[in-house]
Amino acid sequence: MTDSSDKKQLLHLVFGGELSNLEQVQFRDLNDLDIVGIFPDYASALVAWKSKAQATVDNAHMRYFIVHMHRLLNPTE
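Residues numbered from 1 in each chain as written. Predicted model: local features only at pLDDT ≥ 70, side-chain atom pairs only at ≥ 80, totals over all residues. Heavy atoms only, no water.

(A) Representation of the sheet that holds strand E1 (residues 12-18). Reading across the sheet, the three strands line up as E2-E1-E3 and stay open at both edges, with antiparallel pairing between neighbours. At either end of the open sheet lies a strand with only one pairing partner, and these are strand E2 (34-39) and strand E3 (62-68). The average undirected angle you get between the axes of adjacent strands in this sheet is 15°. Note: E1 against E3, seven bridges, orientation antiparallel. Within the sheet, the bridge partner assigned to Gly17 lies in E3 and is Arg63. Where helix H1 (residues 42-55) meets the sheet, its contacts fall on E1, E2 and E3, and the angle it forms with E3 comes to roughly 175°. (Pairing = 2+ DSSP bridges. Helix = DSSP H or I, 4+ residues; strand = E, 2+ residues; numbered from the N terminus. Axes fitted to C-alpha atoms, helices over the stretch in contact; angles between N-to-C directions. Contact = heavy atoms within 4.5 Å.)

Written out as structure tokens, the structure is:
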């Protein structure tokens, strides 16, 4: 299924996991990462990120991130 709109697709990945310590981004268990999904724009990725971050607010070691995949796919832009 393709999107027929002229809006540029800027892919964003939302994922998270439990950090081994709060001082650096080092995950406790890479096999236990939560891949939330890939989103077509930053706004929808932010909604998903907020939802997951708020749902895990009681665990100080749990962190979620938004990765700008479009920057990795087209680094010259």
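(B) The arrangement of the packing of aromatic side chains in detail. For the coordinates displayed, the defined rule picks out three aromatic pairs. The interplanar angle of 55° and the centroid separation of 5.9 Å between the aromatic rings of Phe15 and Phe27 together place this pair among those described as tilted. Highlighted residues: Phe15 in strand E1 and Phe27 in the loop between E1 and E2, separated in sequence by twelve residues. Residue Phe15 shares its accessibility class with Phe27, and that shared class is buried. Taking 6.1 Å as the distance between ring centres and 85° as the angle between the ring planes, the aromatic pair formed by Phe27 and Phe65 counts as edge-to-face. With Phe27 in the loop between E1 and E2 and Phe65 in strand E3, this residue pair connects regions lying 38 residues apart in the sequence. (Phe/Tyr/Trp six-rings, centres within 6.5 Å; stacked < 30°, edge-to-face > 60°. Buried < 20%, exposed > 50% of the residue type's maximum accessible area, 1.4 Å probe, protein only.)

(C) Seen up close, the side chain of Asp41. Take Asp41: it is sitting in the loop between E2 and H1. Relative accessible area serves as the criterion here: at 19%, Asp41 is assigned to the buried category. Polar contacts involving the side chain of Asp41 include one to the main-chain amide nitrogen of Ala43, which spans 3.4 Å. Residue contacts for Asp41: discarding those within four places in its chain leaves Lys7, Leu10 and His12. (Polar contact = N/O pair within 3.5 Å; in protein donor to acceptor, adjacent residues only side chain to side chain.)

(D) A look at the pairing of E1. Among the seven residues of E1, six are classified as buried, and the element is accordingly described as predominantly covered. Inspection of the sheet shows E1 paired to E2 by five bridges, in the antiparallel sense. Bridged to Leu13 within E2 is Ile38.

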